[in-house]
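# Survey of secondary and tertiary structure
Take a look at the letters that make up each chain.
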Amino acid sequence: MALIFVFLLCGQIHGRTLYVTDELSITMRTGPSLQHRVVRMLPSGTAFQVQEESGDYYRVRTTDGNEGWVLKQYTMDRTPRKMVISQLESDISELRESLPASEQKAAELEKENHELRTKLQTIEHEFDELSQRYDTLLEDSGNIDGIKQDLERATRSLEHKEVHIMHLEQENQELRSQKNIQWFLAGGGTIAFTALLGFILGRVQRKQARRINY
């Protein structure tokens, strides 16, 4: 049972991300004891993955690939306060730098919002006018049958007048043709009468001339 507990505990520890404690530099050794050689110093905030556990030591691998043994008591599973503070200061600096742009964007959005509200009021006003016109059309639609009947009567009357005008134009054309014929005949008769009169007068004058000569 104890072996199972140790196995489970080791399984929970292995693979965890740990950090060197705040304000401290620790040694990374070649083995899990003070007699093993120091391979490097790890400053506070150095992150590494636990590979193995032995007594008071962890065998770890840093993010840049170095492996070695470190004392458990100098490690922790939370981000060091110094790193947290540094990250917060960086975030605050970025926010301060982006504040003017954010304020300008907010002003632009407020202007667009005002324009949209103005357009909305205009649309609402136009909608009210259209509603009133629609209501008026509904009221006037009650007399639509009478309007249709008046339109049909006016159309029939117009058709009758057009037919009458056509007849009058035809009669007028016929009268013009008859008048032209009469003028033609009158003109031809005058010419014929004049020619006949001249012929008769000529014969009379010739007879008188012969009598005088005898």
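The structure contained in this document is the topic of the report that follows. (Residues numbered from 1 in each chain as written. Predicted model: local features only at pLDDT ≥ 70, side-chain atom pairs only at ≥ 80, totals over all residues. Heavy atoms only, no water.)

## A short note on the overall build of the protein
Keep this limit in mind: Secondary structure elements are taken from DSSP: a helix is a run of H or I of four residues or more, a strand is a run of E of two residues or more, and numbering for both begins at the N terminus. Residue exposure (1.4 Å probe, protein chains only): buried if accessible area is under 20% of the type maximum, exposed if over 50%, otherwise partly exposed. Should any heavy atoms of two residues lie within 4.5 Å, those residues are considered in contact.
From N to C terminus, the protein includes three helices and seven strands. For the protein, the sequential pattern of α-helices and β-strands runs α-β-β-β-β-β-β-β-α-α. Residues counted as buried form 14% of the 214 residues belonging to the protein. Look at the contacts in the protein between residues 6 or more apart in sequence, and 50% of them connect residues 24 or more apart.

## Thoughts on the nonpolar core
Rules: Put simply, buried Ala, Val, Leu, Ile, Met, Phe, Trp, Tyr and Cys residues joined by side-chain atoms within 4.5 Å make one nonpolar core.
Membership of the largest hydrophobic core is limited to nine residues, which are L18, I26, M28, L42, F48, V50, Y58, V60 and V70. Breaking this core down by element, the ones donating at least two residues are β2 (26-29), β4 (47-54) and β5 (57-62). When sequence neighbours within four positions are dropped, the list of residues in contact with V70 reads I26, T27, M28, L42, F48, D56, Y57, Y58, V60 and T75.

## Notes on a nonpolar patch on the surface
For the record, the criterion: A residue counts toward a patch only above 30% relative accessible area and without a salt bridge, and it is joined to like-charged neighbours within 9 Å or, for Val, Leu, Ile, Met, Phe, Trp and Tyr, to nonpolar neighbours within 5 Å. Here the Shrake-Rupley method, with its probe set to 1.4 Å, supplies the accessible areas, and only the displayed protein chains count as covering residues. Whenever Lys or Arg places a side-chain nitrogen within 4 Å of a carboxyl oxygen from Asp or Glu, that contact is recorded as a salt bridge.
A cluster of nonpolar side chains, V84, L88 and I92, forms an exposed patch at the surface whose accessible area comes to about 240 Å². When you line up the elements, L88 lands in helix α2 (residues 81-140).

## Considering the environment of D64
Spelled out, the test is: A 3.5 Å cut-off defines polar contacts: any pair of N or O atoms within that distance qualifies, except that in protein one atom must be a possible hydrogen donor and the other a possible acceptor, and neighbouring residues in sequence count only when both atoms are side-chain atoms.
When you line up the elements, D64 lands in the loop between β5 and β6 (67-71). Residues D64 and F48, 16 residues apart in the sequence, show an inter-C-alpha distance of 9.0 Å. A distance of 3.1 Å separates polar atoms of two side chains, one belonging to D64 and the other to N66.

## A look at the pattern of salt bridges
Within this structure, the stated rule accounts for six salt bridges. Here K72 and E53 are joined by a salt bridge, their closest N and O atoms 2.1 Å apart. Separated by 19 residues along the polypeptide, K72 in the loop between β6 and β7 (75-76) and E53 in strand β4 bring together distant segments of the chain. By relative accessible area, which is 22% here, K72 ends up partly exposed.

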